[in-house]
Amino acid sequence: MSQTTNPQVVIVGAGPAGLLLAYQLVTNGVPVRVLERHPDFEREFRGEFLQPAVLGTLEQLGILPLLAERKLAFPDVERRLFVGKTRRVMVPGGKERGSLISQAGLLGLLHELCGRFPHYQLDFGTTALQTLRENGQVVALKTRREGTEGRVDGDVFIDCSGRNSGLRKDVGIQTESNQIPADVVWLRFDFSDAPELLPESLDVHMFGKGVVAVFHRTTRSRLQVAYSAPGDLGGLRKNLPELRRQLLPTVPEKLRPHLEAKLDENTETQFLRVVVDRLERWHVPGLLFLGDAAHTMSPSGGQGLNLALRDSIVAANHLLDALRAGQPIDERVFQKIQDERRPEADQIQAMQTRVHRMVMAPMFVEHLMFTVLGVVLKLSKKASQGSQGVTRVDMRYGIPVAQLPR
């Protein structure tokens, strides 16, 4: 494909979906400009568990080996589920092993690789405010950078900016939402003084009546904790004595003395409002939504990151299919992308909603449910069939890192 025959693609959001999509397009000769409202990749708490359904693709591209070489990924990490602190339980799909990565490291690497091509541009500190249209077609975005408003023109616009996308409201597409009974407080603790205590697995503990705590390490010798419970977690985050009272009893015994000492007013925290919603239609003329911008996921199961990556793979497949065939990138192409990706997003959101209802049960009921589930799984021999509801997608135009120009 000649660069002069390719459209200018503008991607809003330099997250995993946006930059993996940029990588696929740029390495196939398509000009891409990415707009990112943050000043760098070091931002709020993020999902960092890559599931098997995307690991193979990143392995084949050579991206995962590079992350591991730079000590920005932990391979072969198991996700484990517990009722209470110690009772490990079986789940549909059996054991799941993936990789814990540094999301900032992944984004930095994708940006570095895309930067080898002159037709790639990333604008940090640039917020997309609203769409500008001609004859109903999105032809540009109104932006703000360092307090100054501007305009970014393009031929195709793709919004990968996540759940807080301002363009969602701007285009006025109807949103379907599911009510979720609890939010999340994320915390990070520096364990550089005791890295041997960091868990080798990603552990989810359920304590009944909506109380859930998740513990996993990061690539920077930190412990990341997600605490979910009914009530005002935004207020809890600011009330250190009450936060200590609620959180510390959920912490595994070997970690508790260290968290007790480290949990203070300087602890890194973030409040996350849990939302499960989806756009009725993922596109308008000239603009496509992907990832959380199209279907906002609960953090349950770490699905948001993995679905967003699969969205970008499918989107690149269809965009490049059309370009190779000399066809325009229009709503017919966008609809093909939605048609392929929406069923999995809907299925996983339905599963997340069921899981949230299940964790609201008292702990003795959870014990009973998982006892029955364990028997059913053993009898049906389904415990080794892999992740439930996950769709594998193939990257048709993936160019391995080893084949890129230096």
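All of the points below concern the structure found in this document. The structure presented is a predicted model; accordingly, all values stated were derived computationally and were not measured.

Where strand E1 (residues 9-12) meets strand E2 (residues 32-35), four bridges bridge the pair, whose relative direction is parallel. Residue pairing for E2: Val 12 is matched across the bridge by Leu 35. What joins E1 to E2 is helix H1 (residues 16-26), and the crossover it makes is right-handed.

Here we take up a nonpolar patch on the surface. On the surface, a cluster of nonpolar side chains totalling about 270 Å² of accessible area is made up of Leu 368, Val 372 and Val 376. Position of Leu 368 among the secondary structure elements: in helix H11 (residues 363-380). On the basis of relative accessible area, Leu 368 is assigned to the exposed category, the value being 53%.

Here the structure, examined in full by the defined rule, presents zero disulfides. Its sulfur unpaired, Cys 114 is 13 Å from the next cysteine sulfur, which belongs to Cys 160.

With that settled, the discussion passes to the packing of aromatic side chains. A full pass over the atoms with the stated rule returns one aromatic pair. Ring centres of Phe 41 and Phe 124 lie 5.1 Å apart, and the angle between their planes is 70 degrees; this geometry places the pair in the edge-to-face category. Taken together, the positions of Phe 41 in the loop between E2 and strand E3 (49-50) and Phe 124 in the loop between strand E7 (120-123) and strand E8 (126-134) put the pair 83 residues apart, joining distant regions of the chain. Since its relative accessible area comes to 13%, Phe 41 is described here as buried. A residue is classified by how much of its surface remains accessible, and Phe 124, at 23% relative accessible area, is partly exposed.

Criteria and cut-off values
Residues numbered from 1 in each chain as written. Predicted model: local features only at pLDDT ≥ 70, side-chain atom pairs only at ≥ 80, totals over all residues. Heavy atoms only, no water. Pairing = 2+ DSSP bridges. Helix = DSSP H or I, 4+ residues; strand = E, 2+ residues; numbered from the N terminus. Right-handed = clockwise from strand over helix to strand, strands pointing away. Patch = residues over 30% accessible without salt bridge, like charges linked within 9 Å, V, L, I, M, F, W, Y side chains within 5 Å. Areas by Shrake-Rupley, 256 points an atom, 1.4 Å probe, with all protein chains shown as cover. Salt bridge = Lys/Arg side-chain N within 4 Å of Asp/Glu carboxyl O. Buried < 20%, exposed > 50% of the residue type's maximum accessible area, 1.4 Å probe, protein only. Disulfide = S-S within 2.5 Å. Phe/Tyr/Trp six-rings, centres within 6.5 Å; stacked < 30°, edge-to-face > 60°.

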